[in-house]
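Single-letter residue listing:
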Amino acid sequence: MAGKGTKAHRPSPRRPRVRHNVTAAIGGDICGGRFAPGTVLPRESDLCATYGVSRTVIRESLKVLETKGLVRGRPRVGTLVCDRSEWNVLDAQILDWMGPGVLSAELLGSILEARRTVEPAAAFLAAARATAQEIADLERACDDMGAAEGDLEAFTAADARFHETLLKASHNQVFHQLSSIIHAALSYALHASNRATERHDEALCVHRDLVDALRLRDGVRAEARSRHILDLAARDISGLMGRDEAP
């Protein structure tokens, strides 16, 4: 029981995530085209009125967006919206804010080019370096892909786990770090290529062949199977882009 003259301690109410919400709102408006690249954002007072928050919240949000490459402060000019080429497209929030624009042929093509550079090399190294547990994890991902046929979200989640595990199984420190950095972009790209076809039997078969090559410690075959997987992804993405652009 509290002593005489003392007040019972009451936890202070948790501060709402105002900055997070405003950052997402401004970021979404930039990625959605409301504030075009190359233009200057409205003045702080106008942003305060638009989003219903204080100058402090606006300034904090703009700092976050600057770290993501969306905006850049210019003395005596204001806050400039950066060109899309400067945006950190590996950032999960930016990918979310881009919405349907994330499925642009340019962005998906760039992700595929990066994967072509990294994944076959990782597969070759993994053939010599992967542990028995890592090979088992890759096989389990294949099983989950097979069990998820017809469920695009579950299939893509297992597919992403397969490719992230493959990078880690190379036991190359840079490739390992990349598995975390490119997680969001990889998931979006896989979702796009998986959405392009109703059946994934062919892709799943090649994934299993890659695991078999790792089990046999055959680096050349593992690298070839990785390239085959990427060729299938390129084919499916090309078909998806053509279908979405058709009148």
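In the block above lies the structure referred to throughout.
Quick summary incoming for the structure in this document.

Basis of the calculations
Residues numbered from 1 in each chain as written. Predicted model: local features only at pLDDT ≥ 70, side-chain atom pairs only at ≥ 80, totals over all residues. Heavy atoms only, no water. Helix = DSSP H or I, 4+ residues; strand = E, 2+ residues; numbered from the N terminus. Buried < 20%, exposed > 50% of the residue type's maximum accessible area, 1.4 Å probe, protein only. Contact = heavy atoms within 4.5 Å. Areas by Shrake-Rupley, 256 points an atom, 1.4 Å probe, with all protein chains shown as cover. Core = buried A, V, L, I, M, F, W, Y, C linked by side-chain atoms within 4.5 Å. Axes fitted to C-alpha atoms, helices over the stretch in contact; angles between N-to-C directions. Parallel < 35°, antiparallel > 145°, perpendicular 65-115°, else oblique. Left-handed = near helix turned anticlockwise from the far one by under 90°. Nonpolar A, V, L, I, M, F, W, Y, C, P; charged D, E, K, R; others polar. Salt bridge = Lys/Arg side-chain N within 4 Å of Asp/Glu carboxyl O.

## Here's the deal with the overall build of the protein
Looking only at helices and strands, one finds 11 helices and two strands in the protein. Counting from the amino terminus, helix and strand elements in the protein follow one another as α-α-α-β-β-α-α-α-α-α-α-α-α. Burial statistics for the protein: of 247 residues in total, 39% are counted as buried. A separation of at least 24 residues holds for 69% of the contacts in the protein among residues at least 6 apart in sequence. Surface summary for the protein: the accessible area is close to 13800 Å², and the carbon and sulfur share equals 53%.

## Some thoughts on the nonpolar core
In terms of nonpolar packing, the biggest core is built from 31 residues, with I30, Y51, I58, L65 and L70 touching the most fellow members. Elements represented by at least two residues in this core include exactly α1 (18-31), α2 (44-51), α3 (55-67), α4 (92-98), α5 (105-129) and α9 (183-195). If we ignore the near neighbours within four places in the chain, the residues touching L70 are G27, I30, C31, L65, L80, V81, C82, W87, I94 and W97.

## Considering the environment of L70
For L70, the position within the fold is in the loop between α3 and β1 (71-74). Sequence separation of L70 and G27 is 43 residues, and the distance between their C-alpha atoms is 7.6 Å.

## What about the packing of helix α6 (residues 132-147) against helix α7 (residues 152-169)?
Contact geometry for α6 and α7: axes closest at 8 Å, N-to-C directions at 165°. Comparing the axis directions of α6 and α7 gives the class roughly antiparallel. Seen along the crossing, α6 lies across α7 with a hand that is left-handed. Touching E134, D137, L138, R140, A141, C142, D144 and M145 of α6 are F155, A158, D159, R161, F162, T165, L166, K168 and A169, all from α7. Split into classes, the residues belonging to the contact of α6 with α7 amount to nine nonpolar, one polar and seven charged.

## Regarding the pattern of salt bridges
Scanning all chains against the criterion turns up 19 salt bridges. Ionic pairing is found between E119 and R115, a salt bridge with its closest N-O pair at 2.7 Å. Of the two residues, E119 and R115 are both situated in helix α5; the distance of four residues between them amounts to about one turn of the helix. As far as burial versus exposure is concerned, E119 and R115 are alike and both buried. Between D212 and R215 there is a salt bridge; the shortest N-O distance is 3.6 Å. Of this pair, D212 and R215 both sit in helix α10 (residues 201-215), three residues apart, which is roughly one turn of that helix. In this structure D212 comes out as partly exposed when scored by relative accessible area, which is 28%. For R215, a relative accessible area of 38% gives the class partly exposed. Look at the salt bridges and you will find they share partners, linking E139, D212, R215 and R221 into a network.

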